[in-house]
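What the coordinates show
Okay, here's what each chain looks like letter by letter:
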Amino acid sequence: MPKVRLPDGSLLEVAEGASVADVANQIGSRLAQAAVAARLNGTLVDLSAVVSGEGPQDLEILTDESDEALSILRHSTAHVMAAAVRRLFGDGVKFGIGPAIADGFYYDFDVPGGLRDDDLPRIEEEMAGIVAEKAPFQRRDVPVSDAEALLDGDGQDYKVELLRDIAASTLAEGEEREHAEAKPEADGTVSLYDTAEFTDLCVGPHLPNTGRIPAFKLESVAGSYWRGDERRPMLQRIYGTAFFSKQDLQEHLVRLELAKQRDHRRIGKDLDLFSFHEEGPGFAFMHHKGMIVLNEILEYWRRLHRDAGYQEIRTPTVLSKTLWERSGHYENYRDAMYFTQVDEEPFAVKPMNCPGGLLVYLNTKHSYREMPMRVAELGLVHRHEKSGVLHGLMRVRQFTQDDAHIFCLPEQIQDEVVGVIRLVDEIYSTFGFEDVRVELSTRPEKSIGSDEMWEHATSALRGALNACGISYKVNEGDGAFYAPKIDYHIRDCLGRSWQCGTIQVDLAMPERFDLTYVGQDNAEHRPAMIHRAILGSIERFLGILIEHYGGDFPLWLAPVQAVVLPVSEKFTGYARQVRETLYGAGLRVALDASSVKVGAKIRKATLQKVPYMLVVGGKEQEAGTVSVRDKAAGDLGVESVEAFRDRAIEEVRAKRLRPVAEGP
Ligand SMILES: [Zn+2]
Ligand SMILES: [Zn+2]
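Anyway, here's the lowdown on the structure attached to this text. (Residues numbered from 1 in each chain as written. Chains lettered and ligands numbered in written order. Predicted model: local features only at pLDDT ≥ 70, side-chain atom pairs only at ≥ 80, totals over all residues. Heavy atoms only, no water.)

Comments concerning the sheet that holds strand E19 (residues 345–349)
Adjacent strands of a sheet pair through backbone hydrogen bonds, lying either parallel or antiparallel. This is how the line gets drawn: Only strands joined by at least two bridges in the DSSP assignment are considered to pair. Each helix corresponds to a stretch of at least 4 residues labelled H or I by DSSP, and each strand to a stretch of at least 2 residues labelled E; elements are numbered beginning at the N terminus. Simply put, an axis is a line fit to the C-alpha atoms, just over the touching stretch for a helix, and the angle between two N-to-C directions goes from 0 to 180 degrees.
Taken together, the three strands give an open sheet; going across it, the order is E17-E19-E18, and neighbouring strands pair in antiparallel fashion. Of all strands in the sheet, those with a lone pairing partner are strand E17 (318–320) and strand E18 (338–342), marking the two edges. Within the sheet, the average angular offset between the axes of one strand and its neighbour, ignoring direction, is 40°. The pairing of E17 with E19 spans three bridges and is antiparallel. Residue pairing in the sheet places Leu 319 in a bridge with Ala 348 of E19.

Structural notes on the coordination of the zinc ion (ligand 2)
Where a metal carries four tetrahedral donors, each ideal angle is 109.5 degrees; where it carries six octahedral donors, the ideal angles are 90 or 180 degrees. The condition that has to hold: Each metal's donors are the N, O and S atoms found within 2.8 Å of it, except that Na, K and Ca use a 3.2 Å limit; water is left out, so coordination can look incomplete. Using a 1.4 Å probe on the protein chains alone, a residue whose accessible area is under 20% of its type maximum counts as buried, one over 50% counts as exposed, and one in between counts as partly exposed.
Protein ligation of the zinc ion (ligand 2) involves Cys 354 (SG), His 405 (NE2) and His 531 (ND1), the donor distances falling in the range 2.0 to 2.3 Å. All donors to the zinc ion (ligand 2) come from one chain, and their sequence spacing reads C-x50-H-x125-H. Placement of the pair is Cys 354 in helix H13 (residues 354–362) and His 405 in strand E21 (residues 398–408), with a sequence separation of 51 residues. For the pair Cys 354 and His 405, a shared accessibility class is recorded, and that class is buried.

Focus on the sheet that holds strand E10 (residues 189–195)
Test applied: A contact between two residues is defined here by any heavy atoms of the two lying within 4.5 Å.
The strand order across the open sheet built from three strands is E9-E10-E11, with neighbouring strands paired in antiparallel fashion. Each end of this open sheet is capped by a strand with a single partner; those strands are strand E9 (138–143) and strand E11 (198–201). Across the sheet, the mean angle from the axis of one strand to that of its neighbour is 30°, orientation sign disregarded. Most of the contacts of helix H5 (residues 144–153) go to E9, to which it runs at about 110°, and overall it touches E9, E10 and E11.

Things to note about helix H17 (residues 538–549)
We apply this condition: For a helix, the expected span equals 1.5 Å multiplied by the residue count minus one.
The end-to-end C-alpha separation of H17 is 16 Å, in line with the 16 Å expected for twelve residues at 1.5 Å each. Buried residues dominate H17, accounting for twelve of its twelve residues. The complete set of buried residues in H17 reads Ile 538, Glu 539, Arg 540, Phe 541, Leu 542, Gly 543, Ile 544, Leu 545, Ile 546, Glu 547, His 548 and Tyr 549. One or two steps after H17, the chain reaches Gly 550, where phi turns positive at roughly 60°.

Quick word on the packing of aromatic side chains
Here is the rule we go by: Here is the rule: rings of Phe, Tyr and Trp (six-membered ring for Trp) pair when centre to centre is within 6.5 Å. Planes less than 30 degrees apart are stacked, more than 60 are edge-to-face, and the remainder are tilted. In this scheme, Lys NZ or Arg CZ marks a charge over a ring once it lies within 6 Å of the ring centre and within 35 degrees of the ring normal.
For the coordinates displayed, the defined rule picks out 19 aromatic pairs. Ring centres of Tyr 107 and Phe 198 lie 6.1 Å apart, and the angle between their planes is 80°; on these two criteria the pair is classed as edge-to-face. Residue Tyr 107 is found in strand E8 (residues 104–110), and its partner Phe 198 is found in strand E11; the two are separated by 91 residues along the sequence. Since its relative accessible area comes to 0%, Tyr 107 is described here as buried. Classification of Phe 198 as buried rests on a relative accessible area of 1%. Geometrically, the ring pair formed by Tyr 612 and Phe 644 is edge-to-face, given 5.1 Å between the ring centres and 85° between the ring planes. Of this pair, Tyr 612 sits in strand E31 (residues 612–616) while Phe 644 sits in helix H21 (residues 641–653), placing them 32 residues apart in sequence. When its relative accessible area of 3% is taken as the criterion, Tyr 612 is described as buried. Chaining the aromatic ring pairs together yields one cluster made of Tyr 300, Phe 431, Phe 433, Phe 541 and Trp 556. Between the NZ or CZ atom of Arg 334 and the centre of the ring of Tyr 330, over which it lies, the distance is 5.1 Å. The ring of Tyr 583 is capped by Arg 579, whose NZ or CZ atom sits 4.4 Å from the centre of that ring.

Notes on helix H3 (residues 69–89)
Spanning 21 residues, H3 covers 30 Å between terminal C-alpha atoms, matching the ideal 30 Å at 1.5 Å per step. Of all 21 residues that make up H3, 16 are buried, and the element is covered over most of its length. Phi turns positive one or two residues past the end of H3, at Gly 90, with a value near 85°.

Looking at the side chain of Lys 350
Going by this rule: Polar contact is the term for a pair of N or O atoms within 3.5 Å; when the atoms are in protein, one must be able to donate a hydrogen and the other to accept it, and sequence-neighboring residues count only if both atoms are side-chain atoms.
Here Lys 350 is to be found in the loop between E19 and H13. Relative accessible area serves as the criterion here: at 1%, Lys 350 is assigned to the buried category. At 3.1 Å, the side chain of Lys 350 and the side chain of Thr 315 are in polar contact. Only 3.0 Å separates the side chain of Lys 350 from the side chain of Asn 353, close enough to count as a polar contact. Leave out the neighbours within four places in its chain, and Lys 350 touches Thr 315, Pro 316, Thr 317, Trp 324, Glu 377, Gly 379, Leu 380, Val 381 and His 382.

Describing the coordination of the zinc ion (ligand 1)
Selection rule: A site with four donors is called tetrahedral when every donor-metal-donor angle falls between 85 and 135 degrees; four donors are called square planar, and six octahedral, when opposite donors sit more than 155 degrees apart and all other angles fall between 65 and 115; any other arrangement is irregular.
Bound to the zinc ion (ligand 1) on the protein side are His 75 (NE2), His 79 (NE2), Cys 202 (SG) and His 206 (NE2), at distances that span 1.9 to 2.1 Å. Metal-centred angles of 93 to 131° between the four donor atoms at the zinc ion (ligand 1) mark the site as tetrahedral. Coordination of the zinc ion (ligand 1) draws on donor residues from a single chain, spaced H-x3-H-x122-C-x3-H in sequence. Here His 75 is found in helix H3, whereas its partner His 206 is found in the loop between E11 and strand E12 (215–225), with 131 residues between them in sequence. Each member of the pair, His 75 together with His 206, is buried.

This is the structure we're talking about:
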């Protein structure tokens, strides 16, 4: 009789030919009801999978509480959507791929005549019908040639193409990870899944039947090139999401709506912070008010870095192609680089700052006495992102990286990383990001450098994290080919996670550029090199801040910190005087001398998200006061101009956070 070993280590004898569902039932009916799929000997499988084989089989039954359950639900829902599209649009529909993604799922369709947003409600309705049918997800393992004949006979060109690539194992690495829908088994079979009238080439697993989908929603339709290639046909991609409860779905939809209202592109336009123009797709135009915020961030950044012992440098934007060949960027990164010519020689626009920084290092001889050298550069870099992925400030083609390279003795790496971690903590908490996730990525299969170098660098990163008492997740084998690294993910007030900071111990560049320092023994040695960025792209960080704050910047960042509002034209003179006093004290204060009623002025200032409104009339003029209205806290009463000035200056100095509204 077959045996299974459960996660708690206990052994269970099961009947010959028992499925995972049977085992779940044997353990308890509660578990059987909650079961979604399982992990059998490390592989995700359907509940219908049969337990067999010599010796105990490792089995973990996954319920809707498990980490993988949501993506299994969502991927299953993608099949249901495909089945619904097939029912509604007939046999002429061709299917691309339909994976689960971060917050939901999608499926790519080639529908004669196309799909539109207003098709979504009837597709949803058809899906609800299929869910009510409790149609099983039925797996068939068939020889590759049979699968090909079946899909070909159905006119499924895209699936046939995928199947051929899968059989020949020619899927690109990224494609395999994100899009692989099937893989041939050792016995030359592939798996097909039938759901309602829809048959898909897929590895699974899926829910046992469509009745296990409690809540789903279709969100949008977008064009998408087959396999992301603009030379291939444009398909229609429907995005949707699914949850294990109606309440979870509802909360998700509320968050989406909030995200829409807080969209930095919309707030950036309303507050006149930046713009985009078709003359420069993916290149942000920063307006005066946007520059005020950026410069405040940079001023703060520079002061902190100066205090932390960094030197600042600036290296050129356009550099010889030979440099990029030497650094390896040309070989690994050229698709994302812009090229030009200088004096008829090939040059490139820098996508990263490192090679330029290395030339500065090489410019002088260095001694162990100078170590560690912390060299920072707010470098303007260009990367050719595909037009389809551009997204406001979050994904641009030109941005400023808050880069730094630390050159140090190998035994100094851990202390230097501790220093960077402290700096990261201080910066993120100043901006109000308290929910920070840290990941450590270790040596990948394809990598350069010796075991010893990797071991030393990785244990220094680990040691630094431990010394700072930071809990972190380890991503085994996920490091860059030249470096183990620590990545920082910050969570904003809408619960979305953004990767910003990174700390990498580079094992390649010091060799490639033959970096040396003179040691105590008077001989030349190789220094260690750490790359680090904290905010990542300053432009993107601004986008994240706008959405996190919903446009309500803390006082130190607000482009306009206060506006003086005279109740009538009679008091414009006094209002101007108040403005000048505060402006002279270094505050960014505006005056609204328009002839509209003060209520309208308050509404306008509120929409412009100005933190303080200072209303002045006869009483205020006489007493030398202002009536203070705080955008967040409401009416604060009357205060002398000097008292307001001192309080505001203190709020700026302390970089005090304002309450971040949960709502829009
Ligand atoms: Zn599937
Ligand atoms: Zn670098």
